[in-house]
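Residue-level structure breakdown
Listed below, chain by chain, are the residues.
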Amino acid sequence: MKHLHAINKKAARIEAQVAAEKEDIVALQNRPAAPQPHVPMGCSIVFSPGWEVDSAGGTAGLCQPVERDIYDCYVTCFWPAQVPDHLNNYPDWTSKCALATKDWRNVDIVFP
Amino acid sequence: MTLSLSGVHTFHGVDVDFAYLVPSGGIVALDGISMAVLKKLEQTSLTKEALVEQMVISGYSAEAAAESIDELESVRAIQVGASIYEPSQPLPDEFPLQSIVLNVTNQCNLSCSYCYEFGEDKIATPEGKKKFMDMETAKASVDYLFNESGDRASVHITFFGGETLMNFPLMKQVVAYARQEAEERGRNVEFSLTTNATLLSTTIVEFLAENGVGVTVSMDGTKEMQDKFRIFANGNGSYDIIRPKVQELIAKHTNRPVGARVTMTSGAMDVRKIYQHLKHELGFHEVAFAPVTTSPDRLYSIGEPGMDSVLRQFSELADEYLEHALRGEHHGFSNVSDTLAELHQGVNKALPCGAGLGMVGVGPSGDIAPCHRFVDSDEHVMGHITTGIDKEKRADFLGRGNIDTKYDCHTCWARPLCAGGCHHEAYVRYGDTGHANLHYCDWIRSWTNKCLEIYGAIAEKNPSFLQHFAERKAA
């Protein structure tokens, strides 16, 4: 924070929380230097279908916030910027991916 | 929707303004524009656009104003819409015990007129009950403490009375037993003792020193002050008896700080003089002051004008504390250090203290009370050491005492620390442990503000001093 400066321990925790909420949606490359656990806010925190990796097999090269649970975005939360529109145009996008940990390669790239 | 102040209290350190964030207990330093925003919202609530406009008129940039408003909103110093009271988080189902107070006897060799255990406002009903705790009850209490303390690495046993040392033989056995139990269970145990010092002997002092028992001596000040109310049954004062004993204790017991606990009455209100005497003439490490708990009409009650004078003197002594702190030196006014410790953690209490939560009192008969002050009172018994705590009674006690049910407190900025004040004091004053202690609200706010100012000044000028409080447990 620029205008407020945390003085006691509680304020430091609040500051960290505010920062975490703000920085939650940033590209992984832009994350602050200090490693912090990435907690998905507002979405599923369980491992369910939809995880993707970059060409090196990790998540560092992915765009934001695809390291989150993309499948949950797709099914329960309409977020067309991130996932194909499953209501009208790509209803079968995940039909070959019943188990993401195994079949994630079948979730293909879509070019609208 | 307009922006308005949430629970926030601003105060000034040396050169800097600070905000105490009431819903959380956080303390932040404010820059000029943030302070200006808060001051503006103190007068009126405005939309964000109007507020930015006002700040621009005051000479700030619109961008900085918008940023500052967003930051204040993110730490919840301000919010959209009117400020509403947020209920505290529900208590967990289980709260592991941290400490147990053993009232090893309800007998005392002094007859202090103001005593809450024996005096005019007493709530104890010791008739027909045991006068001294026996080892069987004490053992059961120690076992209970270990069993109920969950995975805490360290537990604490406080010996209390009556006059605790009238049952010194039991205390000795308990220390040995608890140490053995702790070792077997791979835990740590600490001890403390409150005493009037009349029965201290060389043997006892050596025992306390060897076992690292923390000692607090109840003592009111100089001879004249001490002998006004802290008297034997025959009316004789106790000062001359305890002075050499206290000095021996302080000289030999060097591994734990020895503290004095002063009960302030109409007969002992000269804070500076009391502190000077106890700290510098007798050599106590720390001195804590508390006004006597009493109905307002007792002779020893301090009364409102008296409390104003106490506040003035507290403030002076607190300034002295600050001077020491800025030089990085210890000062023994523990009312300040205890409050600073809580401010540094940013405590935000749903309940005023740990009574019935992490701490319980046990009477000589084995009855469990929320704390030592309720021991031996039939009305407040919360179970027995052999059968455990009656959860319904505890829920009732904790429910009453919770800040959520003290509606008067909901608009007060000092509530994170005070939470309505002592359950026992409330019972003596209002006949209900869950009543807010409204008779000292102004006093508490003034004192809390003073401590905030001290805290702010230290944070500005000598922040490393606050490290002393970093690991210190909030009282």
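Now for a description of the structure that goes with this document. In this text, all values refer to a predicted model and were calculated from it rather than measured experimentally.

1. Points about the sheet that holds strand β8 (residues 188-195) of chain B
Residue and element names in this part refer to chain B. Strand order in the open sheet formed by eight strands is β11-β10-β9-β8-β7-β6-β12-β13, with mixed pairing between adjacent strands. In this open sheet, the two edge strands, each paired with only one partner strand, are β11 (286-291) and β13 (368-369). With three bridges joining them, strand β9 (residues 214-218) and strand β10 (residues 259-264) adopt parallel strand pairing. By the bridge assignment for β10, Val217 is matched with Ala260. Strands in contact with helix α4 (residues 135-147) are β6 (99-103), β7 (154-160) and β12 (359-362); relative to β6, the strand with the most contacts, it is inclined by about 170°.

2. Digging into the environment of Lys461 of chain B
All names here are of chain B. Inspection of the secondary structure assignment puts Lys461 in helix α15 (residues 441-461). The exposure class of Lys461 is partly exposed, given the 15 C-beta atoms found within 10 Å. Lys461 has contacts with Val14 and Leu326, leaving out every residue within four places of it along the chain.

3. Some words on the interface of chain B and chain A
Between chain B and chain A, the contact holds 21 residues from the first and 13 residues from the second. Sorting the residues of the side of chain B that touches chain A by element identifies β4 (26-30), α1 (32-43), α3 (62-74) and α11 (334-345) of chain B as the ones contributing at least two each. The element contributing the most residues to the side of chain B that touches chain A is β4 of chain B, with five residues. Residues of the side of chain B that touches chain A, tallied by class, amount to nine nonpolar, nine polar and three charged. As defined by bridge partners, strand β1 (residues 4-6) of chain A adjoins β4 of chain B across three bridges and the pair is classed as antiparallel. Within β4 of chain B, the residue paired with His5 of chain A across the bridge is Ala29 of chain B.

4. Quick notes on helix α2 (residues 48-57) of chain B
All names here are of chain B. Among all positions in α2, only Leu51, Val52 and Met55 are buried. Buried residues in α2, looked at end-on, bunch into an arc of 100°, giving them a common side. Opposite the packed face of α2, turned more than 90 degrees from it, sit the exposed residues Glu49 and Ile57. Structurally, α2 contributes buried residues whose contacts are with β1 (3-5), α1 and α3. Immediately beyond the C-terminal end of α2, within one or two residues, lies Gly59, with a positive phi of roughly 105°.

Thresholds, definitions, all that
- Residues numbered from 1 in each chain as written.
- Chains lettered and ligands numbered in written order.
- Predicted model: local features only at pLDDT ≥ 70, side-chain atom pairs only at ≥ 80, totals over all residues.
- Pairing = 2+ DSSP bridges.
- Helix = DSSP H or I, 4+ residues; strand = E, 2+ residues; numbered from the N terminus.
- Contact = placed C-beta atoms within 7 Å.
- Axes fitted to C-alpha atoms, helices over the stretch in contact; angles between N-to-C directions.
- Buried ≥ 20, exposed ≤ 12 C-beta atoms within 10 Å, placed from the backbone.
- Nonpolar A, V, L, I, M, F, W, Y, C, P; charged D, E, K, R; others polar.
- Arc of directions from axis to C-beta.

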